[in-house]
Amino acid sequence: MLRSMDKDPAFTANKPRVLFTFVEAGFGHIMPMHGIYEEFKKKYGERVECLPVNIFSDSSYPEIKAMGKEISDSTKLASRNWLFNKAEGIAHHFSSRFTHWFLDIHFGKAEKLVIKEMKELSPDLVVATYYLPTHISAKANRQGKMDVLTATYSPDPYIYPAWDRRCDLFLVNNETAYQMSLKKGFKKDKVKLIPCVLRKEITDLSAKKDEARDLLGLNKDRFNVVFSNGAYGEKHTHSILKALVTSDLDMDLTIICGKSPDSEKTVKEYTKIKSPSIGLNIIDYTDKMAEYMRAADVILGKAGSNTIKEAAYLGAPMLITAKASHLEEKAADWAVKEKVAICETKPKKIVGLLRKCIETPDYLINQLTGFSKYSQSDGAEKAADAIFELLKTKFSNL
């Protein structure tokens, strides 16, 4: 049986139940769900049962676990395999109807088992930041197996065909996604534009740049670059790092390795070849990513939608150095158009851009004029409020 991630959920018969579905499909899907769940529980937890679940990975059925693993693996494969990435891009041109038909054929047995496990939890509303829980819930409703409301938050600036138009609430965080949703057939009264859902570590950060550097032990007088490509961007990392550490740039380079021991081991090899002008600071997993972003003169990283929007919220110049999937290609295009980041993936040109930034500290800031549009910190609260209003359509006494 699928169980709530809460250690001791106090189930009661007279409260509506809201199922928050966590899916391991990259940081950009998990982080917003954490934010929405925590905010919803804080505001409405006394009136509503909040059930956070790892909808696939914590299943008792191997078929569902295998589906979850395939999703996670495909996300990584898109960043490492050129052909798979291109195939993913082509698939995004298919119609929603064809995409959902394919999902039902490919994951048919696992979908039936997910519905069975969801029914055991008796949700009244299912919240998702990934397309499959919404699609499966809509399918269960259509088949008469469940009667559940669905609320979906899309973290991306691009709306792809797998998002299910049958959801009762579709939350987007930018005007491009809003207009695309309407063009793709989502009903206007079901689509709501809200600020981006950001991590609390980002929105609660009060430290200024020098304060963040003091906290992290970084030199306040040196040009500081923070490099973090994430686990899914690993393929694109090493040629860029080699160009940076062997350059004659006068700067400190902080490399965030994350949880991959292989990445950290490989990165440490660069200490043997770095030039004397480069101050190298290698960090494995850190819970102070917000502070590192604040401390940076320039952030280097792949085109994750959330990372781009977090940097924009902090007013931190970001140079996108990798596009690890078709969705990230779209995210990079959006960021450049919105003037919240610039994009350059060729190592020599990245070194050249950083040289300009060192020589002219305002070089990037003068180009990135779109930060003010993404300075709101209440995305999670707006999402929680919208979800609660949806729940009230089924439970008017709330």
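Structure: above.
Residues numbered from 1 in each chain as written. Predicted model: local features only at pLDDT ≥ 70, side-chain atom pairs only at ≥ 80, totals over all residues. Heavy atoms only, no water.

> Would you explain the sheet that holds strand E11 (residues 318-322) in this entry?
Where strands meet in a sheet, backbone hydrogen bonds hold them as pairs that are either parallel or antiparallel. Pairing is parallel in the open sheet, where six strands are placed in the order E9-E8-E7-E10-E11-E12. If you trace the sheet from one side to the other, it starts and ends with strand E9 (278-283) and strand E12 (342-343), each paired once. In terms of strand pairing, strand E8 (residues 251-256) meets E9 through six bridges, oriented parallel. Of the residues in E9, the one forming a bridge with Leu253 is Leu280. (Pairing = 2+ DSSP bridges. Helix = DSSP H or I, 4+ residues; strand = E, 2+ residues; numbered from the N terminus.)

> When you look at the nonpolar core in this model, what are you seeing that I'm missing?
Where a protein is soluble and globular, its nonpolar side chains tend to be buried together. Among the nonpolar cores identified, the biggest contains 89 residues, and Phe20, Phe40, Leu244 and Leu253 are the most heavily contacted of them. No other element matches helix H16 (residues 379-392), which puts eight residues into this core. With residues near it in sequence (within four places) discarded, Phe20 still touches Met33, Ile36, Tyr37, Phe40, Cys50, Leu51, Pro52, Val53 and Val127. With 39 residues, the next largest nonpolar core counts Val148, Tyr160, Phe186 and Val191 among its residues. (Core = buried A, V, L, I, M, F, W, Y, C linked by side-chain atoms within 4.5 Å. Buried < 20%, exposed > 50% of the residue type's maximum accessible area, 1.4 Å probe, protein only. Contact = heavy atoms within 4.5 Å.)

> Just checking my understanding: could you explain the side chain of Thr129 for this structure?
By the element assignment, Thr129 lies in the loop between strand E3 (125-128) and helix H6 (131-142). With relative accessibility at 2%, the residue Thr129 sits in the buried group. When residues no more than four places from it in sequence are discounted, the contact partners of Thr129 are His29, Pro32, Met33, Ile36, Tyr153, Pro155 and Trp163.

> Would you explain the sheet that holds strand E5 (residues 169-172) in this entry?
Pairing is parallel across the open sheet formed by six strands, whose spatial order is E2-E1-E3-E4-E5-E6. Each having just a single partner strand, strand E2 (49-54) and strand E6 (191-193) make up the two edges of the open sheet. With direction set aside, neighbouring strand axes in the sheet form an average angle of 20 degrees. Of the pairings in the sheet, the one linking E3 to strand E4 (residues 149-153) comprises four bridges and is parallel in character. Residue Ala128 lies in a different strand from E4, and its bridge partner there is Thr152. Contacting E5 and E6, helix H7 (residues 175-183) crosses the sheet at an angle of about 170 degrees to E6. (Axes fitted to C-alpha atoms, helices over the stretch in contact; angles between N-to-C directions.)

Geometric values such as these leave the question of function open.
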